[in-house]
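Structure assessment
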Protein chains: 2
Amino acid sequence: MDLTPSPLAKPFPAMPAIDGAVLRVARARYKEWDRADLTFAELAEGTSVAGVFTKSACASSEVELGRENVANGHARALVVNAGNSNAFTGYRGREAVVQIMEQVSEALGCPAEQVFVSSTGVIGVPLPKGKARAGVAAALEAQPCSWEEAASAIGTTDTFTKGAHASALVGGTRVELCGIIKGSGMIAPDMATMLGYIFTDAAVEPAFLQQMLSRASSETFSCITVDGDTSTSDTVMLFATGKAGNPVLSGWESAGADAFYSALLEVCRELAQLVVRDGEGAQKFIEIAVTGATDDASARKIAMSIANSPLVKTAIAGGDANWGRVVMAVGKAGEPADRDSLSIGFGGTWAARDGQPLPDYDEAPVARHLEGQDIRIDVDLGLGAGRATVWTCDLTHGYIDINADYRS
Amino acid sequence: MDLTPSPLAKPFPAMPAIDGAVLRVARARYKEWDRADLTFAELAEGTSVAGVFTKSACASSEVELGRENVANGHARALVVNAGNSNAFTGYRGREAVVQIMEQVSEALGCPAEQVFVSSTGVIGVPLPKGKARAGVAAALEAQPCSWEEAASAIGTTDTFTKGAHASALVGGTRVELCGIIKGSGMIAPDMATMLGYIFTDAAVEPAFLQQMLSRASSETFSCITVDGDTSTSDTVMLFATGKAGNPVLSGWESAGADAFYSALLEVCRELAQLVVRDGEGAQKFIEIAVTGATDDASARKIAMSIANSPLVKTAIAGGDANWGRVVMAVGKAGEPADRDSLSIGFGGTWAARDGQPLPDYDEAPVARHLEGQDIRIDVDLGLGAGRATVWTCDLTHGYIDINADYRS
């Protein structure tokens, strides 16, 4: 497997420790490889938890149990298995997850429902219980590791490790947020899947934590796409240990709630964009901003229709300011749009306004913009105040190479 | 432009003349090329017409006027321009269409609303009125041409000409149906678009003709996809000259209505599949059959989710029986599905049943099947009686080559 770093990769940032969260990794050897592939996070008593999970109707047992237990609001541990997604494995897969939950619950003396498990990798093969048991035992004994080591251990086909950090003042107390993520387009059935974990030392009531994560997720993780495919295991979780000692955040009226949300949004946006930057075969990062839609939801659907269009993505790969393909993608979104009020631009230059090509359209600045790595497409529908921004990457020969596993 | 015939091409079939329909072609030279690019069909008085058009919110003036006028039920002529789609050209584009309608209406002495126009090719450039006028004049004077010449003249990036024929007995009278189509995946903004025209000598009331075309289209043209993109000009029209002298078909209770519909469905299915066989870069034709869904509409959504999944399409390109990617595509369709009752097979061999890989799954026959050009994927949801079959092609490097117009 080619793991040359993506040309859009970013270096792993400096990230502070989070009081109340200790990370460890171990080698469960879920595949024939010599690397850490089991990640274990131990969380302080009283840690609040929130989660957003794939909407796939064929979700894994990890996701089913996670969804169920996150409603209880508290977490003491997280276990992430890399190399085997344990998806589509029926009751045997579920048994493996329950075994891990019980093993950790005994070791930490906490309820099993406070132990969260994620798995990523091949589909259809039940997680081997023996390897999982030995891996968890090794992780419980291991030395604490760095953010970067944990980010690396949760990875599968990722070509670079991904992390993000932000801080905020909450009632005068500084709180930290650190996140790691893995994912490189939806290649879940083989290896990948988007798994993201954010840790903060802030004190936040579980219900409000969930409210903020759901909202931030809808503005970030729900706004990225590599190939329009959705994994059976996509998961983002947020753990708040409460060790910073800030006045507890319990709702939007709490002091510092807005500041905390801003920092959370920043971490989520960065993590989401890093996944796009590791899109399979990606050579260009594309931001698509839609304005003037009838409402925000409509704007998002139109933006995603453009972002998922193979014709738009191949045009950008070829450096072609093909606004006709953008028109097509707007038209097929099934949302209110009026040909005669539609405007389209690239990198800040309008190519068409109010349904017609600009007579004095100068393609030179657009061509220069499209030679770069960071591409911006603007679409104004001229109908209302709805707006949305989404992120994707171009579609190149590299995508085909990675996904068409030619058998020789 | 590489116009090497698709490896999935079929030879143009022998097709009889249709009494009451005369085809002619001319060189309007909409592009710098030396080929017929304007097709003109003159239809007998009293010809019934039906049409299905793109649902794009950014449709061309041709589509807007066609939709409007088809409601009147009668047609005397069809003009198809190749090389310029006239889409996204505002009032100037509309003027060109109206000019063609009026020119033909004067020549034939019929209402302008009985003249139908389609255009396919580059977007954003108004159809040049001078070229259109001279082209129509030349076509009015030209000798009648063959089905294959007309099929070739409506083509743009097609790598082979496409036609289909069927006949039926209606109340003891033999009627003929002949269809031509162009399209090779959604590359509309540059050149293509799906335009299909079916001619029959049967006598059919316009309202029933529309009812049958809409139904047949939903089972055929709505069940194909190359890349999930939808053109701003997609059009399928059906003209019934009534010259066969059969007892007029006015509803399902008419003698021969079922036989006529079967023949129409056969022609539509063949035309639709020919478009997929000319999919950009296609090396394999893929049939996806979904059964056991809660209803037919749900089955179709799930089948299209699989057919549009770049991961499934690249797996097939690579000869990889990757049923995990099919699970993923089922899961993301947003339709009722239950992991534990889901079964997936390739070429008649089940790989997974009731949510689990088959323990005795023999991959050899599946691998042999996937080496062929005609691939079949079966998905059974185990929930109800809903079923649907859709057709697509694989996703290869050829698609990227064709659509990423690298500027040198």
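The name given to chain A in an unreviewed UniProt entry is Arginine biosynthesis bifunctional protein ArgJ, and the organism recorded there is Qipengyuania gaetbuli. Recorded under Sequence similarities (unreviewed entry), the UniProt text for chain A is reproduced unchanged: "Belongs to the ArgJ family." For the record of chain A, the UniProt heading Subcellular location (unreviewed entry) holds the text "Cytoplasm".

As a measure of interface size, the accessible area lost when the parts come together is often cited. All names here are of chain A. Segmentation of chain A into domains returns domain 1 (21-277) and domain 2 (285-403). Spacing between the C-alpha centres of domain 1 and domain 2 amounts to 33 Å. Each side of the interface is counted separately: domain 1 has 15 residues, and domain 2 has 14 residues. Taken over both partners, the interface formed by domain 1 and domain 2 buries close to 1200 Å², and the fraction arising from carbon and sulfur atoms is 58%. Sorting the residues of domain 1 by area buried against domain 2 places Cys223, Thr225 and Val276 first, and these three jointly supply 38% of that buried surface. Linking domain 1 with domain 2 are 6 residue pairs in polar contact (both at pLDDT 80 or more). Of all the elements in the fold, those that place two or more residues in the side of domain 1 that touches domain 2 are helix H5 (206-219) and helix H6 (257-277). Broken down by element, the side of domain 1 that touches domain 2 gets its largest block of residues, 4 residues, from H6.

This part is about the sheet that holds strand E8 (residues 195-200) of chain A. In sheet architecture, strand pairing relies on hydrogen bonds along the backbone and comes in two forms, parallel and antiparallel. Residues and elements named next belong to chain A. Strand order in the open sheet made by the 5 strands is E3-E9-E8-E7-E6, with mixed pairing throughout. Both outer strands of the open sheet, strand E3 (48-53) and strand E6 (162-170), are each paired with one neighbouring strand and no more. Averaged over neighbouring strand pairs, the angle between their axes works out to 15° when direction is ignored. Sheet topology note: the E6/strand E7 (residues 173-182) ladder contains 9 bridges and is antiparallel. Within the sheet, the bridge partner assigned to Val170 lies in E7 and is Thr173. Its contacts with the sheet put H5 on E3 and strand E9 (235-240), and the angle it makes with E3 is roughly 30°. Running over the sheet, H6 touches E6, E7, E8 and E9 and is turned about 170° from E6.

Let us look at helix H8 (residues 310-317) of chain B. Residue and element names in this part refer to chain B. The element H8 is extensively covered by neighbouring structure, given that 8 of its 8 residues are classed as buried. For H8, the full list of buried residues reads Pro310, Leu311, Val312, Lys313, Thr314, Ala315, Ile316 and Ala317. Where H8 terminates, the next one or two residues include Gly319, which has phi positive at roughly 65°.

The next point concerns the packing of helix H7 (residues 296-307) of chain B against helix H9 (residues 323-331) of chain B. Residue and element names in this part refer to chain B. Two elements in contact, H7 and H9, have axes separated by 8 Å at closest approach and are oriented at 130°. When the axes of H7 and H9 are compared, the pair comes out oblique. Once H7 is placed against H9, the crossing between them reads as right-handed. Counting all contacts with H7, which are made through Ile302, Ser305 and Ile306, the residues of H9 involved are Val326, Ala329 and Val330. Looking at the contact of H7 with H9, its residues break down into 5 nonpolar, 1 polar and no charged.

A few words now on the packing of helix H8 (residues 310-317) of chain A against helix H9 (residues 323-331) of chain A. Residue and element names in this part refer to chain A. In contact at an axis separation of 9 Å, H8 and H9 are set at 160° when each is read in the N-to-C sense. Here H8 is positioned roughly antiparallel relative to H9, judged by the angle of their axes. In terms of crossing hand, the pair formed by H8 and H9 is left-handed. Between H8, through Leu311, Val312, Thr314 and Ala315, and H9, the contact on the second element is made entirely by Arg325, Val326, Met328 and Ala329.

Attention now goes to the relation of the copies chain B and chain A. For the pair chain B and chain A, the relating rotation is 180°, the translation along its axis is 0.0 Å, and the fit reaches an RMSD of 0.0 Å. Taken together, the rotation and translation describe the operation of a two-fold axis. Distance from the rotation axis, computed per C-alpha, reaches its smallest value in chain B at His397 of chain B: 2.9 Å. Of all interface residues in chain B, 100% are interface residues in chain A too; the two copies therefore contact each other through one and the same surface.

A few words now on the UniProt feature "binding site: substrate" (unreviewed entry) in chain A. All names here are of chain A. In this structure's numbering, the residues bearing the UniProt feature "binding site: substrate" (unreviewed entry) are Thr156, Lys182, Thr193, Glu280, Asn403 and Ser408. Position of Thr156 among the secondary structure elements: in the loop between helix H4 (147-153) and E6. What makes Thr156 buried here is its relative accessible area of 7%. Summarising the element assignment, Thr193 is placed in the loop between E7 and E8. Accessibility expressed as a relative area gives 2% for Thr193, which makes it buried.

Before going further, it helps to examine the nonpolar core. Counting 173 residues, the largest nonpolar core has Ile306, Val330 and Phe346 of chain A together with Ile306, Val330 and Phe346 of chain B as its most contacted members. Among the nonpolar cores identified, the runner-up in size contains 31 residues, and Ala21, Cys178, Met237 and Phe239 of chain B belong to it.

Residue and element names in this part refer to chain A. Under the counting rule described, the total for this entry stands at 30 salt bridges over all chains. Between Arg27 and Asp34 there is a salt bridge; the shortest N-O distance is 2.8 Å. Taking the relative accessible area as the measure of exposure, Arg27 reaches 42% and is therefore partly exposed. Judged by its relative accessible area of 59%, Asp34 falls in the exposed class.

With that settled, consider the side chain of Asn86 of chain A. Residue and element names in this part refer to chain A. Mapped onto the fold, Asn86 is located in the loop between strand E4 (77-84) and helix H2 (90-108). There is a polar contact of 3.0 Å between the side chain of Asn86 and the side chain of Glu62. A polar contact of 3.0 Å, which involves the side chain of Asn86, links it to the backbone oxygen of Gly93. Beyond its immediate chain neighbours, meaning those up to four positions away, Asn86 contacts Ser60, Glu62, Gly93, Val97, Ser119, Val122, Val125, Pro126 and Leu127.

The next point concerns the pairing of strand E15 (residues 386-393) of chain A. All names here are of chain A. Of all 8 residues in E15, 6 are buried, a share of seventy percent or more. By the bridge criterion, 7 bridges tie strand E10 (residues 285-293) to E15 in an arrangement that is antiparallel. Bridging across to E15, Ile286 finds its partner in Thr392.

Turning next to the interface of chain B and chain A. The partner chain A presents 65 residues to the 65 residues of chain B that form the contact. Of the roughly 5200 Å² buried where chain B meets chain A, counting both sides, 57% is carbon and sulfur surface. Between chain B and chain A we count 2 salt bridges in total. Between Arg339 of chain B and Glu64 of chain A there is a salt bridge, with the nearest N and O atoms lying 3.4 Å from each other. Of all the secondary-structure elements, those providing two or more residues to the side of chain B that touches chain A are helix H1 (61-70), helix H2 (90-108), H8, H9, strand E13 (356-357) and helix H11 (397-403) of chain B. Here the element with the most residues in the side of chain B that touches chain A is H9 of chain B; it accounts for 7 residues. Among the residues forming the side of chain B that touches chain A, the class breakdown is 27 nonpolar, 22 polar and 16 charged.

Let's shift gears to the side chain of Gln273 of chain B. By the secondary structure assignment, Gln273 of chain B is in helix H6 (residues 257-277). Ignoring anything within four residues of it in the chain, the contact list for Gln273 of chain B reads Phe285 and Trp391 of chain B.

We now examine the environment of Ala41 of chain A. Residues and elements named next belong to chain A. Along the chain, Ala41 falls in strand E2 (residues 38-43). Looking at Ala41, the relative accessible area reads 2%, which means it is buried. When the C-alpha atoms of Ala41 and Arg368 are compared, they prove to be 46 Å apart, with 327 residues separating the residues in sequence. Beyond its immediate chain neighbours, meaning those up to four positions away, Ala41 contacts Val22, Leu23, Arg76, Ala77, Leu78 and Phe199.

Definitions and cut-offs
Residues numbered from 1 in each chain as written. Chains lettered and ligands numbered in written order. Predicted model: local features only at pLDDT ≥ 70, side-chain atom pairs only at ≥ 80, totals over all residues. Heavy atoms only, no water. UniProt positions renumbered as here; feature names shortened; annotations may be inferred. Domains from an automatic or database assignment. Contact = heavy atoms within 4.5 Å. Buried area = accessible area lost by both parts, 1.4 Å probe. Polar contact = N/O pair within 3.5 Å; in protein donor to acceptor, adjacent residues only side chain to side chain. Helix = DSSP H or I, 4+ residues; strand = E, 2+ residues; numbered from the N terminus. Pairing = 2+ DSSP bridges. Axes fitted to C-alpha atoms, helices over the stretch in contact; angles between N-to-C directions. Buried < 20%, exposed > 50% of the residue type's maximum accessible area, 1.4 Å probe, protein only. Parallel < 35°, antiparallel > 145°, perpendicular 65-115°, else oblique. Left-handed = near helix turned anticlockwise from the far one by under 90°. Nonpolar A, V, L, I, M, F, W, Y, C, P; charged D, E, K, R; others polar. Least-squares fit on C-alpha atoms with pLDDT ≥ 70 in both. Core = buried A, V, L, I, M, F, W, Y, C linked by side-chain atoms within 4.5 Å. Salt bridge = Lys/Arg side-chain N within 4 Å of Asp/Glu carboxyl O.

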